[in-house]
Amino acid sequence: MTDPRPHVAILDDEPEIRRMLAAALEEAGFRTSCYARATEFEAALKRLTPDVCLVDLGLPDRDGLALVHRLALESGAAIIIISGRAQVQDRVTGLELGADDYIIKPFDPAEVVARIRARLRKGRADPERAATIARFADWTADFDRYLLVNKGGEEVPFSHAEGEVLRLFLDSPKRLISRAQMQESLGGAAGESFDRAMDVRISRLRTKLGEDPKNPRLIKTIYGAGYIFLGDVRWG
């Protein structure tokens, strides 16, 4: 029988951190799997599909940021970094590479549980967000497969984090979306690291959509106000 609980995969080389997180998450109603090395974690992902991946950056056998970037491109799971690297640039880099959130060690396990619940709430389908295929301009966005497909059939993958931004635009075409609305909808702490992460994700989406960075026709920047998606969107 399939376990209906949301699955959280924990990758951290510190046994006490793994035990603490697993205990808190299991008590909160989640299912967990724990890994000390990236090789074990990556092997497990070939047979498991977690809802959330908690990833430490200081791994003994792999660069944590490189792993985060790969997960963002290949996995549909939400990615939350847990790390002792507390500098703003570390957080910005992690978010730019595709992480959905960044939690600094030491942390209270209750905060991790709350962040995971918030992330899953944002990703959970509701009646307005049940559709997973959107068509606009010369593109089709497939949110089940994390793919953009152009009219010639070429497939361009996008990350979970990029998909959240794209979906926000496609849900509200031809309407101004402010930075504050983006922060409220997508989560994360307001500030320089969030703003820079959004700039990077939008820049990458424009590149994947073949936009002219100097004169984008779909995702327009309204300086001092936010962004507008100018395409007509059809769901389903």
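Residues numbered from 1 in each chain as written. Predicted model: local features only at pLDDT ≥ 70, side-chain atom pairs only at ≥ 80, totals over all residues. Heavy atoms only, no water.

Looking at the sheet that holds strand S6 (residues 133-136)
Spatial ordering of the open sheet is given by S9-S8-S7-S6-S13, a layout of 5 strands whose pairing is antiparallel. Edge positions in the sheet fall to strand S9 (155-157) and strand S13 (233-235), since each has one partner strand and no second. Each neighbouring strand pair of the sheet contributes to a mean axis angle of 20 degrees, computed without reference to strand direction. The sheet contact formed by strand S7 (residues 139-142) and strand S8 (residues 147-150) spans 4 bridges and is antiparallel. When the sheet's bridge partners are listed, Thr140 is paired in S8 with Val149. (Pairing = 2+ DSSP bridges. Helix = DSSP H or I, 4+ residues; strand = E, 2+ residues; numbered from the N terminus. Axes fitted to C-alpha atoms, helices over the stretch in contact; angles between N-to-C directions.)

Details of the UniProt feature "domain: Response regulatory" (unreviewed entry) in the protein chain
Within this structure's numbering, the places UniProt gives as "domain: Response regulatory" (unreviewed entry) are residues 7-120. Measuring from the first to the last C-alpha atom of residues 7-120 gives 11 Å, for a span that is 46% helix and 22% strand. (UniProt positions renumbered as here; feature names shortened; annotations may be inferred.)

Side note on the pattern of salt bridges
Opposite charge on two side chains permits pairing when their charged atoms draw close. Considering all chains together, one arrives at 16 salt bridges under this definition. When the shortest N-O distance is used, the salt bridge between Arg5 and Glu26 registers 3.1 Å. Placement of Arg5 in the segment before strand S1 (7-11) and of Glu26 in helix H1 (residues 15-27) is noted, with a sequence separation of 21 residues between them. Sharing partners across several salt bridges, the network here consists of Asp12, Glu14, Asp56 and Lys105. (Salt bridge = Lys/Arg side-chain N within 4 Å of Asp/Glu carboxyl O.)

Some details on the packing of aromatic side chains
The tally for this structure, following the rule as stated, stands at 7 aromatic pairs. Taking 5.5 Å as the distance between ring centres and 80 degrees as the angle between the ring planes, the aromatic pair formed by Phe136 and Phe229 counts as edge-to-face. Highlighted residues: Phe136 in strand S6 and Phe229 in strand S12 (residues 226-229), separated in sequence by 93 residues. With relative accessibility at 1%, the residue Phe229 sits in the buried group. Ring geometry for Phe169 versus Tyr227: centroids 6.2 Å apart, planes at 70 degrees, classification edge-to-face. One end of the pair, Phe169, is in helix H6 (residues 160-171); the other, Tyr227, is in strand S12, with 58 residues separating them in the sequence. Since its relative accessible area comes to 5%, Tyr227 is described here as buried. An aromatic cluster is built from Phe136, Phe169, Tyr227 and Phe229, whose rings are joined through pairwise contacts. In this arrangement the basic side chain of Arg167 is found over the ring face of Phe143, its NZ or CZ atom lying 5.2 Å from the centre. (Phe/Tyr/Trp six-rings, centres within 6.5 Å; stacked < 30°, edge-to-face > 60°. Buried < 20%, exposed > 50% of the residue type's maximum accessible area, 1.4 Å probe, protein only. Lys NZ or Arg CZ within 6 Å of the ring centre and 35° of its normal.)

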